[in-house]
Amino acid sequence: MKILFEFIVFPGFLFTAIAGMVFSWIDRKVTARVQWRQGPPIFQPLYDFVKLLIKETIVPASANSVIFLLAPLLAITSTTLASVILWKAIINPQSLFVGDLIVVIYLLAVTPIAVILGASASGNPIASLAASREMKLYLAYELPFIFSILVSVIKLHTIKLGEIILSQQSSGIILNSFSGVLAFVIFLLTIQAKLGLVPFDMAEAETEIAGGVFIEYSGVPLAIHKLNRIMLLFIIPVFAAVLFFGGNFLSIIAVLVLIILIRNTNPRVRIDQAIRFFWRTCLIFSVFAVVLATIGY
Amino acid sequence: MNTSENIKNKFGSKIKKFEEKNPRRFYVDISPSDIAAAAKTLFVELQLRFIIATGIDRRDGFEILYHFSEDKTGKVITLRVLITDKEKPEIDTISKIIKGAEWIEREMWELLGINFKGHPNLKHLLLRDDWPEKNYPLRQGEGEARKND
Amino acid sequence: MSASLKLKALTKSIWVFHAACSPCNNCDIEILDLLTPRYDVERFGIQLVGSVRHADALLVTGAVNKKIVDRLKRLYEQAPKPCVVVAVGNCACSEIMFRDSYNTCGPLDKIIPVNAYIPGCPPKPEAMIMGIVKLIKALRGEK
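This is a predicted model, so every value here is computed, not measured. (Residues numbered from 1 in each chain as written. Chains lettered and ligands numbered in written order. Predicted model: local features only at pLDDT ≥ 70, side-chain atom pairs only at ≥ 80, totals over all residues. Heavy atoms only, no water.)

Engineer: Quick question: what am I supposed to make of the overall build of chain A here?
Structural biologist: The number of helices and strands found in chain A is 13 helices and 0 strands. Counted from the first residue to the last, chain A has its helices and strands arranged as α-α-α-α-α-α-α-α-α-α-α-α-α. Rg of the C-alpha trace for chain A: 19 Å, near the compact-globule value of 19 Å for 297 residues, within the 12% margin. Summarising its shape, the C-alpha atoms of chain A cover approximately 55 × 50 × 40 Å along the three principal directions. Counting the 297 residues in chain A, one finds 56% classified as buried. Across chain A, every contact between residues at least 6 apart in sequence was considered, and the portion connecting residues at least 24 apart equals 80%. With the model as given, the accessible surface of chain A reaches about 12,600 Å², and the carbon-plus-sulfur share is 73%. (Helix = DSSP H or I, 4+ residues; strand = E, 2+ residues; numbered from the N terminus. Rg over C-alpha atoms; globule rule 2.2 N^0.38 Å. Buried < 20%, exposed > 50% of the residue type's maximum accessible area, 1.4 Å probe, protein only. Contact = heavy atoms within 4.5 Å. Areas by Shrake-Rupley, 256 points an atom, 1.4 Å probe, with all protein chains shown as cover.)

Structural data, given as structure tokens:
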């Protein structure tokens, strides 16, 4: 009973959804202000979600309807689970198990896979093109992402999330060291790609490929996909705060502001430029950061 | 020597009329059977650039204008042909010499009904694919006009 | 849920798809004007989407010609209902000078059902915003 409450209400689905909608509104309002516009009112993400629920759901005739309709549910379940684990670690650092960091990494990796599955099952050639882009991008950014997480693990000699938070509270946050700063910068760049934001949103490009991975989705499945993206916008700054700042609440907002700034000042890059960037620059710097962390800097 | 003297020398007797509208605009009238050789002269030997072709349905026949441009001086030289047979208008295609003329000849065929002999791909370009046969909208007094409802 | 209630919930967040039936592009430029900081329709919740399956409103510009009429009907069927259709510009509303042409198919409301007309050649962005406000009021049932 308590597990169900934690999964659905707090800190699970309802809490993450509402917090995600607030973060998404902050993102849209700041973007609008940077462009000297007004921007939408505060309940706009909620209006969008409710409006998508009342539209009819169309499944294309050439689509595999089981995978097409189950892929969004898979994505949102794993994101909710990751959120539950992260918030339990912040609130009650002793209550989790060894290796929960690895579980969170795996759960965050389910979203791109579910998106690719759903797009490939829809039977649309544009969606398969966008799914191939998402696949290539995922293979490019996942390795620097894991290496930058490894820096925290190496410096604190632990792999439990709770102990990562407690050790940082006692011995100083990871960002105090040179390898910590480098790892944080790499982490920030890879989560732009993970969240599907400019400059790495070529899988969901609106103007270029007419909606990309979500081209055939409409109604309730599209609402679930959009809600998943909004929840990721909340969870991933929390993850960054746990790893690099020791669970500090103000740092969540700081990471969000950095993400919004990068989003508003860059154009979209091509897929081959993105792959070259991640495999060449990011990987070398993240390996260098791991080596520095092992030495002790 | 400048371009207009060049053209007069190369074409020789094929020119029916040479008109200089203003210092940068020349109209050269030739007969329809000479169009392939004339286009080759202008495009290959004199290295002029083909701009576009225009067709119109006149009372005494179909008139096609081929516009060529000399980019160095800004002159435009136009070849004018008059196809007098209005029942079965035909002319040689120049798309074998100038690849860029393919589509404009398709457009002239589907809207005016001029047959271009030797054209590789004479299909509909602007009108829909199941347009009725022999219905050429830009001819005088024809076209599938919509009845007022 | 009744149809009118669904239309009411639609009015707070309208996602627009731009279906251009080979217009002269003046109306398209003015539609894109609405998204610029001077007029900013995002504060009403209006967003431009790329796929017709995400659309709540179809903005149709241009006089519909015989080559595109089948595709336009298919686009209308692909948009998930409830969906409203707005005819933007004189060419879509009534075809003005193209009405006796060999290639046109009639004004837009003889092809798909239309909810709002915004005349003008091209309509000013202020006229388009007024059209949107009147459409939202009509959907909510106010006068």
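Engineer: Help me understand the packing of aromatic side chains, please; the structure alone is not making it clear to me.
Structural biologist: Centre-to-centre distance and the angle between the planes together describe a pair of aromatic rings. Applying the stated criterion across every chain, the model contains 20 aromatic pairs over all chains. Seen in terms of ring centroids, Phe214(A) and Tyr217(A) are 6.4 Å apart; in terms of plane orientation they differ by 70 degrees. Their pairing is edge-to-face. Here Phe214(A) matches Tyr217(A) in class, with each residue buried. In this structure an aromatic cluster arises from ring pairing among Phe145(A), Phe184(A), Phe187(A), Phe239(A), Phe244(A) and Phe245(A). Between the NZ or CZ atom of Lys8(B) and the centre of the ring of Phe18(B), over which it lies, the distance is 4.6 Å. The ring of Tyr76(C) is capped by Lys81(C), whose NZ or CZ atom sits 4.5 Å from the centre of that ring. (Phe/Tyr/Trp six-rings, centres within 6.5 Å; stacked < 30°, edge-to-face > 60°. Lys NZ or Arg CZ within 6 Å of the ring centre and 35° of its normal.)

Engineer: Just to check I follow, could you spell out helix α11 (residues 220-245) of chain A for this structure?
Structural biologist: Helical periodicity: at 3.6 residues per turn, an α-helix aligns residues three or four positions apart in one direction. With 26 residues, α11(A) extends 37 Å from end C-alpha to end C-alpha; this agrees with the ideal 38 Å at 1.5 Å per step. Positive backbone phi, approximately 75 degrees, marks Gly246(A), located one or two places after α11(A). (Expected span 1.5 Å × (residues − 1).)

Engineer: In this structure, what is going on with the side chain of Arg37(A)? I would like to understand it.
Structural biologist: Along the polypeptide, Arg37(A) turns up in the loop between α2 (13-34) and α3 (44-53). Polar side-chain contacts of Arg37(A) include one of 2.9 Å to the side chain of Gln35(A). Excluding residues within four positions of it along the chain, Arg37(A) makes contact with Ala32(A), Leu35(C), Pro37(C), Asp40(C) and Glu42(C). (Polar contact = N/O pair within 3.5 Å; in protein donor to acceptor, adjacent residues only side chain to side chain.)

Engineer: How should I be thinking about the nonpolar core in this particular structure?
Structural biologist: Among soluble globular proteins, nonpolar side chains are generally buried collectively. Counting residues in hydrophobic clusters, the biggest one holds 53 residues, and the most contacted among them are Leu101(A), Ile149(A), Leu161(A), Phe187(A), Phe239(A), Leu243(A) and Phe244(A). Considering every element that reaches this core, the biggest residue donor is α11(A), with 13 residues. Apart from residues lying up to four places away in sequence, Ile149(A) is in contact with Leu101(A), Ile105(A), Phe187(A), Phe239(A) and Leu243(A). The next biggest cluster of nonpolar side chains, apart from the first, holds 33 residues, and it includes Ile30(B), Phe50(B), Trp109(B) and Leu112(B). (Core = buried A, V, L, I, M, F, W, Y, C linked by side-chain atoms within 4.5 Å.)

Engineer: I keep staring at the sheet that holds strand β1 (residues 15-20) of chain C and nothing clicks. Help me out?
Structural biologist: Paired through backbone hydrogen bonds, the strands of a sheet run either parallel or antiparallel to each other. All names here are of chain C. Taken in spatial order, the 5 strands make up an open sheet running β2-β1-β3-β4-β5, and their pairing is parallel. In this open sheet, the two edge strands, each paired with only one partner strand, are β2 (47-48) and β5 (116-118). Across 3 bridges, the pairing between strand β4 (residues 84-88) and β5 is parallel. Looking at the pairing, Val88 lines up with Ile118 of β5. (Pairing = 2+ DSSP bridges.)

Engineer: Before we go on, may I ask you to explain a nonpolar patch on the surface in this structure?
Structural biologist: Residue and element names in this part refer to chain A. A cluster of nonpolar residues, Met1, Leu4, Phe5, Ile8, Val9, Phe10, Leu14, Ile18, Val22 and Ile91, forms a patch on the protein surface that exposes about 960 Å² of accessible area. Broken down by secondary-structure element, the contributors of at least two residues to the nonpolar patch are α1 (2-8) and α2. Along the chain, the position of Ile8 falls in helix α1. For Ile8, a relative accessible area of 40% translates into the label partly exposed. (Patch = residues over 30% accessible without salt bridge, like charges linked within 9 Å, V, L, I, M, F, W, Y side chains within 5 Å. Salt bridge = Lys/Arg side-chain N within 4 Å of Asp/Glu carboxyl O.)

Engineer: Before we go on, may I ask you to explain the interface of chain C and chain B in this structure?
Structural biologist: Interfaces are frequently sized by the accessible area removed from exposure as the parts join. Facing the 12 residues of chain C at the interface are 13 residues of chain B. Contact between chain C and chain B buries roughly 950 Å² in total, counting both sides, with carbon and sulfur atoms accounting for 46%. Counting the surface chain C buries against chain B, the share from its top three residues, Lys66(C), Lys67(C) and Tyr102(C), is 62%. Taken together, the connections running from chain C to chain B amount to 0 salt bridges. (Buried area = accessible area lost by both parts, 1.4 Å probe.)

Engineer: I tried to follow the sheet that holds strand β5 (residues 75-83) of chain B on my own but got confused; where do I start?
Structural biologist: All names here are of chain B. Across the sheet, which stays open at both edges, the 5 strands sit in the order β1-β2-β5-β4-β3 with mixed pairing between neighbours. The open sheet has two edge strands with one neighbour each: β1 (17-22) and β3 (49-58). Taken pair by pair, the neighbouring strands of this sheet meet at an average axis angle of 20 degrees, ignoring direction. Relative to β5, strand β4 (residues 61-70) is paired through 9 bridges, and the arrangement is antiparallel. Its bridge partner being in β5, Phe62 is matched across the sheet by Ile83. Seen against the sheet, helix α1 (residues 3-11) touches β1, β2 (25-29), β4 and β5 and runs at an angle of roughly 35 degrees to β5. Helix α2 (residues 35-45) rests against β4 and β5 of the sheet, and its axis sits at about 175 degrees to β5. (Axes fitted to C-alpha atoms, helices over the stretch in contact; angles between N-to-C directions.)

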